[in-house]
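A closer look at the structure
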Amino acid sequence: MNSVIMSKKIWMPCIAAALIWGCETKSEEVHSEGNTSSEEITQAGMIIGNETLETDFRIPGELIAYQEVDLYAKVSSFVEKLRVDVGSQVKKGELLATLEAPEISSRLAGAESRLKSFEAIYLASKASYERLKRTSETPGTVSENDLEMAFAKQESDLANWESAKAAFKEIMDTKGYLEIRAPFAGVITERNVSLGAYVGPSGKGSEFPIFTLKELGLLRLVVKVPELYAANLKSEDLATFTVQSLPGKEFAAKISRKAGALDDRLRAEYIEMDVPNPEGLFLPGMVAEVTLPIESGEKSLVIPAASVLYSTTGTYVIKKSGDKADWIDVSLGKKSLDQIEIFGKIAAGDTILIHPSEEIRNQSSLNVKLAE
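These lines cover the structure that appears in this document, whether it is placed above or below. Everything numeric here is computed off the predicted structure, so don't read it as measured data.

1. Overview of the overall build of the chain
Looking only at helices and strands, the chain features 4 helices and 23 strands. When burial is assessed residue by residue, the chain has 34% of its 372 residues classed as buried. For the chain, the exposed surface amounts to about 23,000 Å²; the carbon and sulfur share of it is 54%.

Next comes the structure, spelled out in structure tokens:
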């Protein structure tokens, strides 16, 4: 019994010593793992500098007719004859339709009759005055008053004749409106009336135009360029564009016209490019994918697009300040496929992380290795 008690006394310190040794070993292992997890990971960095960013800017555009007009009737009338239809190619000045208005013909006949009457009256008073004038060359034959009265009547009759001619011309011009002619060469894209239809400048016959005429041999490619890029575009700059109906083909066009101002709604500048279309490849209304060359003449801080950190609190780059990470709030400028301009409290020669992450907290320790 005593031997058993002695053995317990001998083994108890041994077990305690073993437990203490095991605990110390475990503690050392945990401390070692903690040191490993807290080791600073070396981040890839780069020194930034001023560069000129040259990029292409893609924007949707629209092809529209170079000229387009809706043709209406100027006088109330009926459609007598239609000479063209949808798809007709017409020349400038070509007769498209003839209208009929019987009351205009009646007015014209009356105006012509009055014109001839006033002409005859004027010619008679003119002849009378000339006879009196010749007679007055013999002293005492014609009084001065009679000669003046004859001259006044001649001038009055001349004025009446001129007025009749103006009235006749006005009705003739009105009758000319009964012929609808093409103001320029193009294609009829719409016809909204049939023979016998009533047309006019107001009322029921004026809801729709008789024809819509578009010039399709030359088109306009229009885009609205945002303020950020508008200032860098110049007239005669060459742009390229594609359309969905002709996949795999790229076309070129030069900037022909710039609005010179930004619109109030989009804060963008309206820009036009002339697109020759002799073969009719393009149709008005087509949507084009336009690539515009953006060349900034000034140098600025340009970094890889991947070096920008987009956070819920703002847009940053992570700069190496001593051995600390410094989150720098930046504004973005023009961008290309893989580069972007930045503006903020940062300068050429500073070192930033190429691949920043929110896991790298502001003012945390930072090891950086410059990329080759």
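2. Remarks on the packing of aromatic side chains
Taken as a whole and assessed by the stated rule, the structure comprises 8 aromatic pairs. Ring geometry for Tyr129 against Phe151: centres 5.2 Å apart, planes inclined by 55 degrees, an arrangement best described as tilted. Of this pair, Tyr129 sits in helix H2 (residues 102-135) while Phe151 sits in helix H3 (residues 144-176), placing them 22 residues apart in sequence. Look at Tyr129 and you get buried, because its relative accessible area is 14%. A relative accessible area of 39% means that Phe151 is categorised as partly exposed. An aromatic cluster is present here, built from Phe241, Phe251 and Phe282 joined pairwise through their rings.

3. Quick word on the sheet that holds strand S10 (residues 198-199)
The strand order across the open sheet formed by 4 strands is S8-S7-S5-S10, and the pairing between neighbours is antiparallel. Edge positions in the sheet fall to strand S8 (179-181) and S10, since each has one partner strand and no second. Note: strand S7 (residues 95-100) against S8, 3 bridges, orientation antiparallel. Each residue of the ladder has a partner; that of Leu95, found in S8, is Arg181.

4. A few points about the packing of H2 against H3
It is the contact of H2 with H3, at a shortest axis distance of 8 Å, that shows an interaxial angle of 160 degrees. Compared by their axis directions, H2 and H3 come out roughly antiparallel. In this structure, H2 meets H3 at a crossing whose hand is left-handed. Looking at the contact of H2 with H3, its residues break down into 18 nonpolar, 4 polar and 11 charged.

5. Thoughts on the pattern of salt bridges
In total, this model carries 15 salt bridges according to the counting rule given. When the shortest N-O distance is used, the salt bridge between Asp157 and Lys153 registers 2.9 Å. On the criterion of helical spacing, the pair formed by Asp157 and Lys153 is a turn pair, its members being 4 residues apart in helix H3. Taking relative accessible area as the criterion, Asp157 reaches 8% and is therefore assigned buried.

6. As for H2
Between its terminal C-alpha atoms H2 stretches 50 Å, which fits the 50 Å expected from 34 residues at 1.5 Å a residue. Along H2, the residues classified as buried are Ile104, Leu108, Ala111, Leu115, Tyr122, Ser125 and Tyr129.

7. Here we look at the pairing of strand S20 (residues 324-335)
As paired elements, strand S19 (residues 314-321) and S20 share 6 bridges and run antiparallel to each other. Residue pairing for S20: Tyr316 is matched across the bridge by Asp329. In textbook terms, the turn of a hairpin is the stretch between consecutive antiparallel strands, and for S19 and S20 this stretch comprises 2 residues, one of which, Gly322, has a positive phi near 70 degrees. Pairing between S20 and strand S21 (residues 339-344): 4 bridges, direction antiparallel.

Rules used throughout
Residues numbered from 1 in each chain as written. Predicted model: local features only at pLDDT ≥ 70, side-chain atom pairs only at ≥ 80, totals over all residues. Heavy atoms only, no water. Helix = DSSP H or I, 4+ residues; strand = E, 2+ residues; numbered from the N terminus. Buried < 20%, exposed > 50% of the residue type's maximum accessible area, 1.4 Å probe, protein only. Areas by Shrake-Rupley, 256 points an atom, 1.4 Å probe, with all protein chains shown as cover. Phe/Tyr/Trp six-rings, centres within 6.5 Å; stacked < 30°, edge-to-face > 60°. Pairing = 2+ DSSP bridges. Axes fitted to C-alpha atoms, helices over the stretch in contact; angles between N-to-C directions. Parallel < 35°, antiparallel > 145°, perpendicular 65-115°, else oblique. Left-handed = near helix turned anticlockwise from the far one by under 90°. Nonpolar A, V, L, I, M, F, W, Y, C, P; charged D, E, K, R; others polar. Salt bridge = Lys/Arg side-chain N within 4 Å of Asp/Glu carboxyl O. Expected span 1.5 Å × (residues − 1).

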